[in-house]
Every structure is written in structure tokens, then in C-alpha cells.
Amino acid sequence: MLISLLLEIKNLTTKFTLKASSHLVVKDISFNLHKGETIGIVGESGSGKSITALSAMKLSDSLPNSSSSGEILFHQKSKTVDFNLLSEKQMQSFRGNEIAMVFQEPMTALNPVMKCGKQVVESILIHQKELTDQSKSELFFEKIKLFFLNIISPVLYALSLGKIPFFNVQHTSKKEKAAKAKTIQLFKKVKLSRPYDIFNSYPHEISGGQKQRVIIAMALSCNPSILIADEPTTSLDVTVQKAIITLLKDLQKELQMGILFISHDLTLVAELADKVLVMYNGKIVEKGNVNQVYKNPKHPYTIGLLACKPPININLKELPTRKHFTEIDEHGFSGDVIKSIDDVLKELTIKKSDIEFRNTILYQQEPLIEVKNLLKKYPLKSSASKMFNAVNNVSFKIYPGETLGLVGESGCGKSTLGKLLLNLINPSSGSVYFNSTDISNFSNKQMRPLRKDMQIIFQDPYSSLNPNTPIGKAIMEPMKVHKICENDFQRKQEALQLLAKVGIEKNSFNKYPHEFSGGQRQRICIARALALRPKFIVCDESVSALDVSVQAEVLNLLNTLRDQFGLTYLFISHDLSVVKYMSDRILVMNKGKIVEKGLADEIYFNPQKKHTKTLINSIPKGLVD
């Protein structure tokens, strides 16, 4: 790795001013990025990671009521530039050309009404003025020629009775043709399997992993010296996540870029980064070589981030969180580390005999849900006469008090299967038995009394809560519909108790969803699901978008509530490490079929199918060479 300095951040502070008071979100941080080096920035949501990245590109200044101070020194071959001293117009020559960014959510980063290829071409045309060797006068006359040619071509095509194909195309300049050729080349470089098809596809027509590759291609289109990747793999399948990480490694090796890789997952960062910065509350609380920080963390916050990822080689009563390592105060934590990770894991480990005893009790019962030969077909977009099997001849049982894990990649049919169990969509054939009653062909009227017994917790808590309804009312509303409790006073008391159980303060009863963090919103959704006193809950990717520390708290909460209320879960996720921690048994799904099923430890330690082995091998291990 070359040692030439690319980016030097000195005493960077970013603040937001609201109602005459200032709130510091990045507090006096400093670090250096060298050519060919990857620095990982880790921390929970709100720790200041993304604002640091935006500030490095001087994009934070465009946010309402924000301002930055300190030095952002970009080192070129001939000179050093302080981004903080440049105007917006001057910065535009550096963004894209010298420093580029891959955003967290590719669907929102791409224009939904513009084809993927055209978006990359547009970026190349804006930033790279010398794609061809044409002079200014040649470019000017070419533009005029193309303007008139594109106006008269439809007329000439009609006059030729459609016999001259030349007049039936959009005529483009040499520069645009060169940009298109470069885009196809970039799509091949980021390992998109169908570069020409994807060039002509809209973002909604391709998968999440493909969209993220298009964004990476766009970021690389102008050969930047620095690439900032802001949570580029969050919510992606573990297999796609591994592919993106491998891609970034390969591209960096080839292009010798400096990479700032932002994540809340220290285990994931350990697989990619050379150095790591751990951020908490706008400050860097720990930094150093990734081996050093990963193997010998000093700060309690770093220890908590490392420990709360579900372990894959042992079974725990609950996942470690910061409270297990430090003394907690009302602000989150304080004080020194009081226990090591190994000591805490030893205390929380479940004996194998306890697991075997639980399994014996669970599987002596009659099943709560039984699925027989379930099939769901959809017509293909290309041909209404051809059908696609989203769920293909699936059979299994779920027992009272059990957590059954359902794991697989996006598009394998997991969510469709969850909706079929709740009769939210009708099966093409097959049966779903709930308490020995076949509900697969129940009408909405017949299902209504059962709805309170069968609930769902969705992946995105913000979109599953009404933004105009206070959370207390959102919890009380289904209770009123299903006539739980005699009056609103009793319902309010019940709602307050539920909020307390999921760790939300009672004075939050009249607050709106936007006033809570992502983890708190998910807790509110759990309280709402519990309000009807259900027997069965489908957890559909309910923690996949959460920070690992918040995820650990929510998973612990789900297990505690299961034991308190005798709940039964179908736990859907693409992350096998999370599913293994939560589940008694696991179903592995691929292309609509159950390809493997068994006890959680059997599936993980002795997988039989190639697809299961691929999922296990894709789990970030945090292994550092």
C-alpha cells in the first residue's frame, strides 16, 4: 500500500442551529486517509458517521441550519486544497472527479423514472469534458446537426414507410457514444451479469444488489481518488453483502483508491478496513489498526458494538449489550469496563442439556400451525400465460411457544409465505391449519375474529405506523376494533403497560412516530402487535434495518415477551446468524422451496445443501488476516 496522503481531516466540527441553540453532531475529529487505504467508521445511528462523510465532501453545508469548521485538506499531486475554503461552484469540480460517494439506500439514490445506464452516462458527461478530441466548434456544429436530424427523422421515417431504419433511432453525439461505451465497461467492471440489459432497465426492475453495483459504477465513472461508502450493504442479503465487499476490495486493489467505509457493524468493517474509527455522540472514542481494535478493544462502547452481534458458534440466553460491560446511567452508559466479552459470554451461554429439554417439551405438543403443500403462483410480466411459483409446494409445522426461523435471499418467497400463513393473500393451492382449522380459503369476514390471534411485525417500522397518529392511539385502535377491554380508560392503561414492557416511557404516549428512533419505533410496533394478545406473530425482517446494538436489544425483547406471554414466532430474515440465535428450528428457503430444515444447531454446524452452506459462508466473521 502506498503511503501518499489523500485526505487530511483536522479538528472537524459540524453543528446544526435550531431555535437559537446549537447542537454539535461532529465534535473536533481528526484523521488521515492514504492512497490504497481503507478506513472504517463505525457507530450507531446518530453517532455522526454520515455527517462526517457529508462534511468531507462539503455536502453538510447544504443541509438546513448547518455549518462546519476545521480543515478538510485534499492532497493533489501539485497542491493541497482546503475544501472548507471553497465555494459551492468550486467544490463541484472535485465532487465526482476526485471524491465520490456510494449512498446507503440505492433505490432512493437512483432516479426511479430514468434508466440505469442513462444515469451513469449523465454523470460521465457532466464531469468528463474530454471524452473525445473534438474542438469546441466541432462540438457546436455537431449539436446543431443532431438537433435538426432528430426533428426531421420521424418525418422521413414515415415518408419511407418504415423502410429506412436509420431514421427510427435517437441520434447521439460522439461524446454520448463514448460515455455509453464507458458505462457498459463500468457495469462489467462491477460484475453486473447482464450489462446491456441493465443499461436499459429502470431501478425497480433490478435487485437491491444490482442497484448498489450501478451506484458503485456511477461513483467510479470519473476515476475518483477517494470513495466514501455510507452503509453500502445495510439491508442486503448476506450473500450480496459479501459480493459487494469483495467487489470494493478488488476495485481498490486495481485503482488504488482511498476508501472511507461507514457501517454500524464492526465485524463487517474488520473484513475490509485497514484502520477503524469508532464514533459515539459525534466524537471518535477509539481508533487504530483494525486488528488491534477488533482483538483488544479499550472503550466500553467498542466492546458493546463487538459483543452484541449474534455469535454463531455458541447459544446464549440473551445477546450482550452495553449494560453487561459498564455501569449504565440515564444517557446510555458511563464508567469503566467492568467485565470482558469472554466473561459475559460465559455467563450468558445456555447448556446443551437445557436446549434439549426445551426441544423435548416443545415437540411433544400438537402443532399450532400446520402447512400442507402450499403453492402460490403469479403470472410473469413477460407473458401472462406463464406462471412463476413464488411459494412452491411447501409443508411444515409450527409448535406453540416455538420460534421457527425462515432464512433465504431476497426474492426466495419468505415474505410471501409469511403473508400466506396470515391469509393476507390467498394460496393457489394447499392448506394452512391454525389450531387444527383450515383457514386457507377463509373470507375476510371469517378471518376477522382470528386476526387478533395472528399478528405481524414488519421490516420498516416507520412506514407501518401512521405518521399522523400518536403512538398511544395507534396501540389502542386495534384493541377497540377487536373489543379488548371494556372502555378507552382500560385500553389506555393496557397500552401504557405494553409501552413499559417494550421499554418506552409512559410520557411518550401522545408523541408521533417521527419523534422516535428506528429502534424505538420497532418497539412500538411490537407493543401494537401484543395489544391484541396474539398466539402467533410473524416477524418479517423486523430487525434487518437496525443498528447491531439496537438489533440486540429488540431480539432480547422478543425472546423475553415470548417467554412471558407464551408467544409463537415465525422469524423471517436473510441473516442466518440472527435466525440461528432466535430460532429453535430453521427452514432454509430458495426459489420458493424449502431446501433444508432442522434444529438450529444442526442446520448451522452440519448443513447438507449447497445453498445453506453458501448462506453460512457469507456471514461476516470479522476474521482479520
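Residues numbered from 1 in each chain as written. Predicted model: local features only at pLDDT ≥ 70, side-chain atom pairs only at ≥ 80, totals over all residues. Heavy atoms only, no water.

Caption draft 1: Broad picture of the overall build of the protein chain. Each helix and strand counted, the protein chain has 23 helices and 20 strands in total. Relative to its full complement of 625 residues, the protein chain shows a buried share of 52%. For the protein chain, contacts bridging at least 24 residues in sequence account for 69% of all contacts bridging at least 6. For the protein chain, the accessible area works out to roughly 30,100 Å², and carbon and sulfur atoms hold 52% of it. (Helix = DSSP H or I, 4+ residues; strand = E, 2+ residues; numbered from the N terminus. Buried < 20%, exposed > 50% of the residue type's maximum accessible area, 1.4 Å probe, protein only. Contact = heavy atoms within 4.5 Å. Areas by Shrake-Rupley, 256 points an atom, 1.4 Å probe, with all protein chains shown as cover.)

Caption draft 2: Quick peek at the packing of helix H17 (residues 471–481) against helix H19 (residues 518–530). At a minimum axis separation of 8 Å, H17 and H19 run at an interaxial angle of 25°. By the angle between their directions, the pair H17 and H19 is classed as roughly parallel. When you trace H17 past H19, the crossing you get is right-handed. Side by side, H17 and H19 meet where Ile471, Ala474, Ile475 and Pro478 of the first sit next to Ile524, Ala527 and Arg528 of the second. For the contact of H17 with H19, the per-class residue count stands at six nonpolar, no polar and one charged. (Axes fitted to C-alpha atoms, helices over the stretch in contact; angles between N-to-C directions. Parallel < 35°, antiparallel > 145°, perpendicular 65-115°, else oblique. Left-handed = near helix turned anticlockwise from the far one by under 90°. Nonpolar A, V, L, I, M, F, W, Y, C, P; charged D, E, K, R; others polar.)

Caption draft 3: Up close: the sheet that holds strand E8 (residues 258–263). Taking strand neighbours across the sheet as the criterion, the six strands line up as E6-E7-E8-E3-E9-E10 in an open arrangement whose pairing is mixed. Either end of the sheet is taken by a strand with one partner, and the two such strands are strand E6 (99–102) and strand E10 (283–289). Mean inter-strand twist for the sheet, computed between neighbouring axes without regard to direction, equals 15°. Helix H9 (residues 238–255) rests against strand E3 (38–42), strand E7 (226–230) and E8 of the sheet, and its axis sits at about 160° to E8. The sheet strands contacting helix H12 (residues 300–307) are E3, strand E9 (275–280) and E10, and the helix crosses E9 at an angle near 105°. (Pairing = 2+ DSSP bridges.)

Caption draft 4: Representation of the nonpolar core in the model. Counting 110 residues, the largest nonpolar core has Val214, Ile216, Phe261, Ile526, Leu558 and Phe571 as its most contacted members. With eight residues, the top contributor of residues to this core is helix H20 (residues 548–565). The contact partners of isoleucine 216, leaving out residues within four places of it in the chain, are Val102, Val190, Ile244, Leu247, Leu248 and Leu251. Counting 32 residues, the second largest nonpolar core, distinct from the first, contains Ile9, Val25, Leu260 and Ile262. (Core = buried A, V, L, I, M, F, W, Y, C linked by side-chain atoms within 4.5 Å.)

Caption draft 5: Broad picture of the environment of serine 463. In this structure, serine 463 sits in the loop between strand E16 (454–457) and H17. The class for serine 463 is exposed, based on a relative accessible area of 57%. A C-alpha to C-alpha distance of 9.6 Å links serine 463 and proline 513, two positions 50 residues apart in sequence.

Caption draft 6: Focus on the side chain of arginine 95. The topology assignment puts arginine 95 in the loop between helix H2 (88–91) and E6. At 2.9 Å, the side chain of arginine 95 and the backbone oxygen of methionine 57 are in polar contact. Only 2.8 Å separates the side chain of arginine 95 from the side chain of glutamate 88, close enough to count as a polar contact. Apart from the residues within four sequence positions on either side, arginine 95 is in contact with Met57, Lys58, Leu59, Glu88 and His127. (Polar contact = N/O pair within 3.5 Å; in protein donor to acceptor, adjacent residues only side chain to side chain.)

Caption draft 7: How the structure looks around the packing of aromatic side chains. Here the structure, examined in full by the defined rule, presents six aromatic pairs. Where tyrosine 363 meets tyrosine 399, the ring centres are 5.2 Å apart and the plane angle is 80°; that geometry is what we call edge-to-face. One end of the pair, tyrosine 363, is in the loop between helix H14 (352–362) and strand E11 (369–379); the other, tyrosine 399, is in the loop between strand E12 (387–398) and strand E13 (403–407), with 36 residues separating them in the sequence. The class for tyrosine 363 is partly exposed, based on a relative accessible area of 26%. Taken together, the ring pairs connect Phe74, Phe83 and Phe94 into an aromatic cluster. Geometry around phenylalanine 509 places lysine 492 over its ring, the cationic atom sitting 5.0 Å from the centre. (Phe/Tyr/Trp six-rings, centres within 6.5 Å; stacked < 30°, edge-to-face > 60°. Lys NZ or Arg CZ within 6 Å of the ring centre and 35° of its normal.)

Caption draft 8: How the structure looks around helix H15 (residues 414–421). Taken across its eight residues, H15 has six buried, putting it largely inside the fold. Taken together, the buried positions of H15 are Lys414, Thr416, Leu417, Gly418, Leu420 and Leu421. Count one or two residues on from H15 and you reach asparagine 423, which has phi positive near 60°.

Caption draft 9: The pairing of strand E18 (residues 568–573), seen in detail. Of all six residues making up E18, six are buried, and the element is well covered by its neighbours. Alternating positions in E18 separate into two faces, Thr568, Leu570 and Ile572 on one and Tyr569, Phe571 and Ser573 on the other, with burial throughout. Relative to E18, E13 runs parallel, the two sharing five bridges. In the strand pairing of E18, glycine 405 is matched with phenylalanine 571.

Caption draft 10: Here's a closer look at the pairing of E13. In terms of residue burial, E13 counts as a mostly covered element, since five of its five residues are buried. The two faces of E13 match: Thr403, Gly405 and Val407 on one face and Leu404 and Leu406 on the other face are all buried. Direction of pairing for E13 relative to strand E19 (residues 585–590): parallel, over a ladder of four bridges. Opposite leucine 404, over in E19, you have arginine 585 as the bridge partner.

Just distances and angles here, no functional claims.
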